Structures are given as structure tokens and as C-alpha cells.
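One-letter residues, chain by chain:
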Amino acid sequence: MQIQGSGALVTGGASGLGLATARRLAAAGATVTIVDLASSQGAEVAAELGGVFAPADVTSVEEVAAAVAAAQDAAPLRIVVNCAGIAPPAKVLDRDGNPADVAAFERIIRINLIGTFTVIAQASAVIAKNDPTESGDRGVIVNTASVAAFDGQIGQPAYSASKGGVHAMTLPIARELARHAIRVCTIAPGIMETPMLAGLPQAAQDSLGEQVPYPARLGRPDEYASLVQQIVENGYLNGETIRLDGAIRMAPK
Ligand SMILES: NC(=O)c1ccc[n+]([C@@H]2O[C@H](COP(=O)([O-])OP(=O)(O)OC[C@H]3O[C@@H](n4cnc5c(N)ncnc54)[C@H](O)[C@@H]3O)[C@@H](O)[C@H]2O)c1
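If you're wondering where the values come from, they're calculated on a predicted model, not measured in any experiment.

### Description of the sheet that holds strand β6 (residues 182-189)
Point 1. Strand order in this open sheet of seven strands is β3-β2-β1-β4-β5-β6-β7, and the pairing throughout is parallel. Taken across any chain shown, the strands that pair with only one partner, and hence form the sheet edges, are β3 (52-53) and β7 (241-244).
Point 2. Where strand β1 (residues 7-11) and strand β4 (residues 77-82) come together, five bridges link them in parallel fashion. Bridge pairing in β4 places Ala-8 opposite Ile-79.
Point 3. Across the sheet, helix α3 (residues 61-74) touches β1, β2 (31-35), β3 and β4, and the angle it forms with β2 is around 165 degrees.

Shown next, in the form of C-alpha cells:
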């Protein structure tokens, strides 16, 4: 599908992978709506890109619906990229061997998995009512899982479950939305150089980079954005999760 002239909604678009994607889509001619927390840099990013900032927490159906409406007002919505997410560690047992607080598990699932579903549901309802393009397509949805969906580390049961859920729902949603000419793919990044990782000491970041078989470095946000662009433009990619990870397979810790 052609990016030029399309409306694109990017959640988590104020930072990291979402920011790189918003920049790339805007450079390719999309009208971009940044959907991120009100406390984020979304307004500055939208101003830089000549786009729209629609503040929303992806756990709120009402806020997501309003953000989708704002995106559709700006330009016919065709591209949705789900990048909003969090990755705090949450083990099964705490330091004293007691069961960990289930609230931490629930919060990660609510943002990463249910938030992604909410955005897909609200956006696809709007996209399905838009006229198809000349090529017959209505839209493309790209979700963000993680290699932790497949090789989660100690401390990642909630994160892995949330990202495994994003991977697992990709095919059934692609099958359902096929009748509306909407494709759905998911990217499972390895270790990417974003603010999410920047909190780690430089030595830890270097060590993570060295674990990547080739190239032995962290992934760059624009390498993620470039794959989003390819998924949008390649009309035969659908229902698939693509690892973007330099062949890393994560160790237990
Ligand atoms: N960086 C990595 O190594 C890596 C690897 C695999 C997967 N991922 C996934 O990629 C996605 C983007 O991560 P990133 O590295 O760019 O992180 P990031 O922290 O730079 O960006 C995440 C963005 O999501 C927003 N966000 C968080 N909670 C939100 C909510 N409830 N509602 C709306 N927006 C919310 C934040 O404000 C932020 O702007 C996440 O889903 C993350 O799990 C990242």
C-alpha cells in the first residue's frame, strides 16, 4: 500500500521505535497522528512532523476512540503502528520467596496486550468504513511484540506473556480483517537502542550488543521503522510475526 497521502496513527510515537516510525512515515508522505501519554513529548514530535498529537492512554477505550477519530479527521486512516509499551521486570517470587504482587503482572498485560487490542479494534472499525485505494487495500496494522515472546528471560513472565499474546493474536485478527482488505503483521524486535534500554549502564548495553551474532550491536530504531515501511508497502505480507534481532536468542538472564 502506498504511504504517500495515507493517514498513519502511531502509538508510543513520542519515543524510541514509535518515534523513528512516525518520522519515516511522515518523510514518505503520510499524515501522522502521534498517540502517546499526555506527559510525553508527543506535541513536540507532532509539530516537528507537521502531524497531530492525540494524547491517550492505550488502556482507556474512550481515549483511544477519540485519538482514532482525530487521526481520521486529519487524513483517511490507513496505517496503524502499535508501539506503546512498557517493560518493567516482574518475577514470580519476590526476594523473600513470597508470591509477587499480581498487580504488576496485570498492568503489563493491560498496556502491552489489551492496549494493542483496543487500538486495533477502534482503528479497524474506522478503516473498514473508508473507501479502498485503487489497489483495493484499505489498511495495514503493524504491532510490536518482542523476542521475549519466544525466549523470555528470568523476570519477564508478564512481559513475555503480553508479547506472546500480541504474536498469537496476529493471525486470527489478520484472518478476520481480511474481508475488509486490512492486513495485520507483527514485528518482534531484539534489543533496540531506545530510551527503554538507555536506562541501563553503558557497560550493560555494550554487553547486550556483543551477544548479538551479527551485527554485534543493538538494533537501531530506524531499522525497525524501515521494516514497518516494508510491511506497509509489500502487499503480500500478512498474518506474520517477523523477528528483527540480528539472530539473537536470549539467554535465561
Ligand atoms: N527497545 C527494545 O529493545 C525493545 C525490544 C523489543 C520490543 N520492544 C517494544 O517496542 C515498543 C516500543 O518500545 P521503545 O523501546 O520504543 O520504548 P520507549 O519507552 O522509548 O517508548 C514507548 C512509548 O510508549 C508510551 N507509552 C507507555 N505506556 C503507554 C500507555 N499506557 N499509553 C500510551 N502510550 C504509552 C511511552 O510514553 C513511550 O513514548 C514497546 O512495545 C516495547 O515493548 C522494545
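### As for the environment of Ala-38
Point 1. Mapped onto the fold, Ala-38 is located in the loop between β2 and α2 (42-49).
Point 2. Note on Ala-38: relative accessible area 67%, which makes it exposed.
Point 3. Each C-alpha atom, one on Ala-38 and one on Ala-56, is 6.6 Å from the other, the two residues being 18 residues apart in sequence.
Point 4. Beyond its immediate chain neighbours, meaning those up to four positions away, Ala-38 contacts Phe-53 and Pro-55.

### Here's the deal with the pairing of β2
Point 1. Within β2, four of the five residues are buried, which leaves the element mostly enclosed by the surrounding structure.
Point 2. Direction of pairing for β1 relative to β2: parallel, over a ladder of five bridges. Paired with Val-10 across the strands is Ile-34, a residue of β2.
Point 3. Once you follow β1 into helix α1 (residues 16-27) and on to β2, the crossover reads as right-handed.
Point 4. Where β2 lies against β3, two bridges are found, and the strand directions are parallel. Paired with Thr-33 across the strands is Val-52, a residue of β3.
Point 5. A crossover connection joins β2 to the parallel β3 through α2; in handedness this β-α-β unit is right-handed.

Conventions adopted
Residues numbered from 1 in each chain as written. Predicted model: local features only at pLDDT ≥ 70, side-chain atom pairs only at ≥ 80, totals over all residues. Heavy atoms only, no water. Pairing = 2+ DSSP bridges. Helix = DSSP H or I, 4+ residues; strand = E, 2+ residues; numbered from the N terminus. Contact = heavy atoms within 4.5 Å. Axes fitted to C-alpha atoms, helices over the stretch in contact; angles between N-to-C directions. Buried < 20%, exposed > 50% of the residue type's maximum accessible area, 1.4 Å probe, protein only. Right-handed = clockwise from strand over helix to strand, strands pointing away.

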